Amino acid sequence: MAALPRLGWRENLYRLRCGMQKTYERFLFEEEAGVLSAMALGERSGLSEDVKAMFSDAGLSHILAISGLHVSIVGMAIFRLLRRAGLTIFEAACVSGALVAAYGLMTGMSIPTMRAVGMFLCMLLAEVAGKVYDTLSALSLLAILLLSGAGFSAWAESAAPVQQSADQRKDQGTDQSGERGGLLEKTEGQSFALAMACW
């Protein structure tokens, strides 16, 4: 009997993502599962147009994205627990940073996710270096990297696990491309303005 092929880390992240999404759909109502998938996994396909419109009309569309605050809280909680477990600052930073980066890749590493993960890594770097973490400086650095580092953005997107099959992308490509393009332009414009203000 031939041995089963080993799955790469991208496939394992994708399977974990799908498993979490199926768990939400199994134990929650459809709308609740869609909202939680959008907030925790960056997966907006389960959101109905009514839900999107409701959040948009209330000015809460940003909630349907991965929150940098939540990433920082969870990441620092992991870091503190590892420190309490006896790991050095460097070891705890490496482990917690790797976990948060893996989470970002699992969710597709969108522009907001890259910003959240990058700012958390800056926070860890400040901890390791014994420096004071400055939010505006970190945000400005990430804005500059995202605006000028097209290669970095392309690598992050290529490293993230595939979220849909080729047939699904073909069917939904036009709508999703327009939506992602508009979101990217809006996010990058806001980041650029903030970076210039901080500068």
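Because the structure is predicted, anything quoted here is derived from the model rather than measured. (Residues numbered from 1 in each chain as written. Predicted model: local features only at pLDDT ≥ 70, side-chain atom pairs only at ≥ 80, totals over all residues. Heavy atoms only, no water.)

**Topic: helix α1 (residues 9–27)**
Under the 1.5 Å per step criterion, the end-to-end length of α1 is 27 Å for 19 residues, consistent within 8% with the ideal 27 Å. For α1, every residue scored as buried is listed here: Leu-13, Arg-17, Gln-21 and Tyr-24. For α1, the buried positions fall inside an angular range of 70 degrees around the axis, keeping them on one side. Seen from the open side of α1, the exposed residues pointing more than 90 degrees away from its buried face are Arg-15, Lys-22, Arg-26 and Phe-27. The inward-facing, buried residues of α1 contact α2 (30–41) and α5 (89–106). (Helix = DSSP H or I, 4+ residues; strand = E, 2+ residues; numbered from the N terminus. Expected span 1.5 Å × (residues − 1). Buried < 20%, exposed > 50% of the residue type's maximum accessible area, 1.4 Å probe, protein only. Arc of directions from axis to C-beta. Contact = heavy atoms within 4.5 Å.)

**Some details on the environment of His-70**
If you trace the backbone, His-70 turns up in helix α4 (residues 68–84). A relative accessible area of 46% means that His-70 is categorised as partly exposed. Each C-alpha atom, one on His-70 and one on Ala-116, is 8.9 Å from the other, the two residues being 46 residues apart in sequence.

**Here's the deal with the environment of Ser-48**
Along the chain, the position of Ser-48 falls in the loop between α2 and α3 (49–57). On the basis of relative accessible area, Ser-48 is assigned to the partly exposed category, the value being 31%.

**Some words on the nonpolar core**
Among the nonpolar cores identified, the biggest contains 13 residues, and Val-71, Met-76, Phe-79, Val-100, Phe-120 and Leu-124 are the most heavily contacted of them. Those elements that place two or more of their residues in this core are α4, α5 and α6 (111–129). The element best represented in this core is α6, accounting for five residues. If sequence neighbours within four positions are ignored, Leu-124 has contacts with Met-76, Phe-79, Ala-93, Ser-96 and Gly-97. Counting residues in each nonpolar core, the second largest holds eleven residues, with Tyr-24, Ala-40, Leu-41 and Leu-105 among its members. (Core = buried A, V, L, I, M, F, W, Y, C linked by side-chain atoms within 4.5 Å.)

**Some remarks on the packing of α6 against helix α7 (residues 135–148)**
Taken N-terminus to C-terminus, the directions of α6 and α7 make an angle of 135 degrees; their axes are 9 Å apart at the nearest point. Between α6 and α7, the angle falls in the class oblique. With respect to the hand of their crossing, α6 and α7 are arranged in right-handed fashion. On α7, the residues touching Ile-111, Met-114, Arg-115, Gly-118, Met-119 and Cys-122 of α6 are Thr-135, Ala-138, Leu-139, Leu-141, Leu-142 and Leu-146. Of the residues that constitute the contact of α6 with α7, the class distribution is nine nonpolar, two polar and one charged. (Axes fitted to C-alpha atoms, helices over the stretch in contact; angles between N-to-C directions. Parallel < 35°, antiparallel > 145°, perpendicular 65-115°, else oblique. Left-handed = near helix turned anticlockwise from the far one by under 90°. Nonpolar A, V, L, I, M, F, W, Y, C, P; charged D, E, K, R; others polar.)

**Observations regarding the side chain of Arg-17**
Relative to the elements of secondary structure, Arg-17 occurs in helix α1. We classify Arg-17 as buried; its relative accessible area is 1%. A polar contact of 2.9 Å, which involves the side chain of Arg-17, links it to the backbone oxygen of Met-106. (Polar contact = N/O pair within 3.5 Å; in protein donor to acceptor, adjacent residues only side chain to side chain.)

**Digging into a negative patch on the surface**
A cluster of acidic side chains, namely Glu-25, Glu-30, Glu-31, Glu-32 and Asp-50, defines a negative patch on the protein surface. The element that contributes the greatest number of residues to the negative patch is α2, accounting for three residues. If you trace the backbone, Asp-50 turns up in helix α3. Taking the relative accessible area as the measure of exposure, Asp-50 reaches 63% and is therefore exposed. (Patch = residues over 30% accessible without salt bridge, like charges linked within 9 Å, V, L, I, M, F, W, Y side chains within 5 Å. Areas by Shrake-Rupley, 256 points an atom, 1.4 Å probe, with all protein chains shown as cover. Salt bridge = Lys/Arg side-chain N within 4 Å of Asp/Glu carboxyl O. Lys, Arg positive; Asp, Glu negative; His and termini not counted. Charge placed at Lys NZ, Arg CZ, Asp CG, Glu CD.)

**Regarding the packing of α1 against α5**
Between two packed helices, what matters for the description is the angle formed by their axes and the separation of those axes. For the pair α1 and α5, the least separation of the axes is 9 Å and the interaxial angle reads 75 degrees. When the axis of α1 is compared with that of α5, the two are roughly perpendicular. Counting all contacts with α1, which are made through Trp-9, Leu-13, Leu-16, Arg-17 and Met-20, the residues of α5 involved are Ala-102, Leu-105 and Met-106. Looking at the contact of α1 with α5, its residues break down into seven nonpolar, no polar and one charged.

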